[in-house]
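In case you want the letters, here they are:
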Amino acid sequence: MTFQNTLDFAKQLDASDTLAHYRNEFHYPQVNGKDVIYFTGNSLGLQPKRTQTFVDEVMKDWKELAVEGHFYADKPWWDYHERLANGLGKVVGALPKEISVMNTLTVNLHLLMVSFYRPTGKRFKIICEEKAFPSDQYMLQSQVRFHGLDPKEAIVEVKKREGEHAWRTEDIIQKINEVGDELALVLMGGVNYYNGQVLDMEAITKAGKDVGAFVGWDLAHAVGNIKLNLHDWEADFAAWCSYKYMNSGPGNASGIFVHEKHLGKKDIPRFEGWWGTKKETRFLMQPEFDPIQSADAWQLSNPPILSVAPYLASLEMFEEVGMDALIEKQHTIVAFLEFVLHEIDKEVDSTFEIITPKDRGCQLSVFLHGEGRAIFDYLMKNGVITDWREPNVIRLAPAPLYCSFEDMYRFGQILKKGIQDK
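In this text, all values refer to a predicted model and were calculated from it rather than measured experimentally.

About the thresholds
Residues numbered from 1 in each chain as written. Predicted model: local features only at pLDDT ≥ 70, side-chain atom pairs only at ≥ 80, totals over all residues. Heavy atoms only, no water. UniProt positions renumbered as here; feature names shortened; annotations may be inferred. 1 Å grid on protein atoms, 1.4 Å probe; cavity = no way out; pocket = protein on both sides within 12 Å on 5 of 7 lines; lining within 4 Å. Helix = DSSP H or I, 4+ residues; strand = E, 2+ residues; numbered from the N terminus. Buried < 20%, exposed > 50% of the residue type's maximum accessible area, 1.4 Å probe, protein only. Contact = heavy atoms within 4.5 Å. Pairing = 2+ DSSP bridges. Phe/Tyr/Trp six-rings, centres within 6.5 Å; stacked < 30°, edge-to-face > 60°.

Right, let's talk about the UniProt feature "binding site: pyridoxal 5'-phosphate" (unreviewed entry) in the chain for a bit. Residues annotated in UniProt with the feature "binding site: pyridoxal 5'-phosphate" (unreviewed entry) correspond here to L105, T106, F133, P134, S135, D136, D218, H221, Y243, W274 and N302. A maximum C-alpha distance of 31.5 Å among these annotated residues, which run over 198 residues, shows that they spread across the structure rather than meeting at one spot. Lining the second largest cavity, from the residues named above, are D136 and D218. Turning to its location among the elements, D136 is positioned in helix α6 (residues 134-146). Among the residues examined, D136 registers a relative accessible area of 9% and is labelled buried. If sequence neighbours within four positions are ignored, D136 has contacts with L109 and D218.

So this is what it looks like as structure tokens:
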């Protein structure tokens, strides 16, 4: 497609967008009396309007049924989380039984590490990416120390090449092969939070499995954003938050994936709780743990229904749209945003350097050479909600469910004015 940096062309793209009407399904903050241009769905998605109905339903059931809501609500609470398994399976490419919803992301990664980080005298090392998201770094370091090991020896970081902004798949695979039979676990972010790069999860998973390691993925920036096939890739496990592209609300419940080959095992190392036992025998209060034959076996306690309800509301939209349609629009809107940036670059003194490679999802990370924090502040004051990372990077994530092509054009004009008026 040949783009044009004009308002009329942006409106033409919106007119032909089959997902355009979903824009009306969301609440937008306002600045200066207008809806914002929202680029931070990679941090916190907008609130779907239908969320209120799902939450109100739970509150009504609690008010009118109290404890009986566990079994007699329209959506009984004791199996409420199971309603997400089928839809999430489609989003991440998994069987419904491989999915559960519980806790929050780092909590779930810790719980999964109990099962899938089993260091021995020789096989004890973990491979992750250089400068992983800090919570992942802290989680890995604390897990290694818990096993009496030194993080400096046990954690191997794959670095980017000098002067490059993205990882090369061959470098990651080479590092996996180099560590070889000392490698216990590969655990990386499927989409890097900083540069927006989508790693080749299929190839990396295969390489890790080939040397006898477990392979897991932090999919915080991937779920609801890119095409995933966790089951077919034979990843051992994954976890993700739900409040970014999945729009479930701040700090909300996390999803997990555990490959079916690990399900139904009583001897797998695992921290266990009441809600991971089989439903058929749970209320017999038996002293021995009898795991559910699904990823729900990793649950500890009954799920927080008021947190899961907004997740179910948003997931309903993902089921209506389907990931293929979302990704089709994503490709076009991100390409249009990239085009707009290049066009504005020609009209201003500053230089924009997009550090996100072509293997990407919704996000473009952009170096604004010649600009400082003042341009970010200008954007925010003029209704562009974006994200600033030191020293001079803005992250732009046009989520296809609620961002329009007109938003991309308007952003370009605001950015140009902010630079020219400084």
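For strand β10 (residues 254-258), the buried fraction is high: five of the five residues fall into the buried class. With burial as the criterion, each face of β10 is covered, one bearing S254, I256 and V258 and the other bearing G255 and F257. Judged from the four bridges that link them, strand β9 (residues 237-240) and β10 form a sheet pairing that is antiparallel. When the sheet's bridge partners are listed, F237 is paired in β10 with V258.

The next point concerns the packing of aromatic side chains. A complete count under the given rule lists 19 aromatic pairs for this structure. Consider the rings of F3 and F9, whose centres lie 6.2 Å apart with planes at 75°: the pair is edge-to-face. Here F3 falls in the buried class, since its relative accessible area comes to 16%. With relative accessibility at 9%, the residue F9 sits in the buried group. Summarising the aromatic geometry, the rings of W78 and F283 are spaced 6.1 Å apart at their centres and angled 50° between planes, so their arrangement reads as tilted.

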